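Listed below, chain by chain, are the residues.
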Amino acid sequence: GMLNFPRRAHYANLLPNGQVLISGGYNGGVNNGQGGSLPFAELFDPTQGTFTALQGKDMVWPRENGSAHVLPSGSVLHVGGQLFAATQSNPTVSLYMAPDSELYDAANGASAGAALNESRRFHGAVQEANGDVVVFAGDLGGAQTATVERYDAAAATFTTVGSLTTARARAKAVLVGGAALVVGGVTLDFTAGTATDVASGELFDLTNAVSESYQLQ
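All values derive from a computational prediction rather than experimental measurement.

Analysis parameters
- Residues numbered from 1 in each chain as written.
- Predicted model: local features only at pLDDT ≥ 70, side-chain atom pairs only at ≥ 80, totals over all residues.
- Heavy atoms only, no water.
- Pairing = 2+ DSSP bridges.
- Helix = DSSP H or I, 4+ residues; strand = E, 2+ residues; numbered from the N terminus.
- Axes fitted to C-alpha atoms, helices over the stretch in contact; angles between N-to-C directions.
- Phe/Tyr/Trp six-rings, centres within 6.5 Å; stacked < 30°, edge-to-face > 60°.
- Buried < 20%, exposed > 50% of the residue type's maximum accessible area, 1.4 Å probe, protein only.
- Contact = heavy atoms within 4.5 Å.
- Salt bridge = Lys/Arg side-chain N within 4 Å of Asp/Glu carboxyl O.

A.B. asks: Could you give me a rundown of the sheet that holds strand S5 (residues 41-45), with the residues and numbers involved?
C.D. replies: Strand pairing in a sheet takes place through backbone hydrogen bonds and is either antiparallel or parallel in direction. The 4 strands lie next to each other as S1-S2-S5-S6, forming an open sheet whose pairing is antiparallel. If you trace the sheet from one side to the other, it starts and ends with strand S1 (11-14) and strand S6 (50-53), each paired once. For this sheet the average axis-to-axis angle between neighbouring strands, irrespective of direction, equals 25 degrees. Pairing analysis gives 4 bridges linking S1 to strand S2 (residues 20-23), with the strands arranged antiparallel. From the neighbouring strand, Ala12 faces S2, where its bridge partner is Ile22.

What follows is the structure, encoded as structure tokens:
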């Protein structure tokens, strides 16, 4: 099937009913050709092979380059990210941070989610067996961060639980037993406008909030 809204840098999440939620992302043709981030969502039905736009159920904020995970409730938690948008006061598309988080339910649409302690983009993220989501590092739009926050799926709150040894953005994170392996990424110098590849990985103990570093070969 064909997407209703062509997009890139979007989110795709497999829902409990077997359908796939496509949300957010970027389209270069909107805003009179300036491009911009999308607030639109659609569902892919694998039995029909079709995409259906979720009309009237836009996201709270257009988002890209954050993270998205399906919670035990079936809602999708979108965390952080960024957005390109025009406003009434500034018709030229500009880059903004996508604030905090939001929840998306395919039946009811979007709702504001819990506040992050640091709104971030290009972070790593993992989901634990109990549904909690842990986000790692990233950048804040004008500075980088090493902090780690856990979203408690039952309480619907974010708590800072520690820090990585190295601040990094665009890293990858994966569960390894009771830890999260956060690998690679870049360190950012916002004054010089440079990014340096990070030649290390870290095992972050999710129970004790302790990080061990390993050099990449």
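Now that the structure is up, let's keep going.
A.B. asks: Can you tell me about the packing of aromatic side chains, naming the residues and giving the values?
C.D. replies: For the structure on display, the rule yields 5 aromatic pairs. Considering the side-chain rings of Phe5 and Phe40, the 4.4 Å spacing of their centres and the 25 degrees angle between planes classify their relative orientation as stacked. Note that Phe5 is positioned in the segment before S1 and Phe40 in the loop between strand S4 (36-37) and S5, a separation of 35 residues in sequence. By relative accessible area, Phe40 is classed as partly exposed at 25%. Pairing Phe44 with Phe51 gives two aromatic rings, centres 4.9 Å apart and planes at 45 degrees, and the pair type is tilted. Since its relative accessible area comes to 21%, Phe51 is described here as partly exposed.

A.B. asks: Lay out the environment of Tyr214 with the relevant residues and their values.
C.D. replies: One can find Tyr214 in strand S22 (residues 210-215). On the basis of relative accessibility, which here comes to 41%, the residue Tyr214 falls in the partly exposed class. As a C-alpha pair, Tyr214 and Leu203 span 11 residues in sequence and 8.1 Å in three-dimensional space. Other than its neighbours up to four places away in sequence, Tyr214 contacts Ala199, Ser200, Gly201 and Leu203.

A.B. asks: Any details on the sheet that holds strand S12 (residues 109-112)? Residues and values, ideally.
C.D. replies: Overall, antiparallel pairing links the 4 strands, which are arranged S7-S8-S11-S12 in an open sheet. The open sheet has two free edges, formed respectively by strand S7 (67-70) and S12, since each of these has just one partner strand. Adjacent strand axes in the sheet meet at a mean angle of 25 degrees, parallel and antiparallel pairs treated alike. Alignment of strand S8 (residues 76-79) against strand S11 (residues 101-105), held across 4 bridges, turns out to be antiparallel.

A.B. asks: Please give an account of the pattern of salt bridges that cites residues and values.
C.D. replies: By the definition in use, this model includes 7 salt bridges. As a salt-bridge pair, Arg63 and Glu102 come within 2.7 Å of each other at their nearest N and O atoms. Of the two residues, Arg63 is situated in the loop between S6 and S7 and Glu102 in strand S11; the sequence distance between them amounts to 39 residues. Between Arg120 and Glu118 there is a salt bridge, with its nearest N and O atoms 3.6 Å apart.

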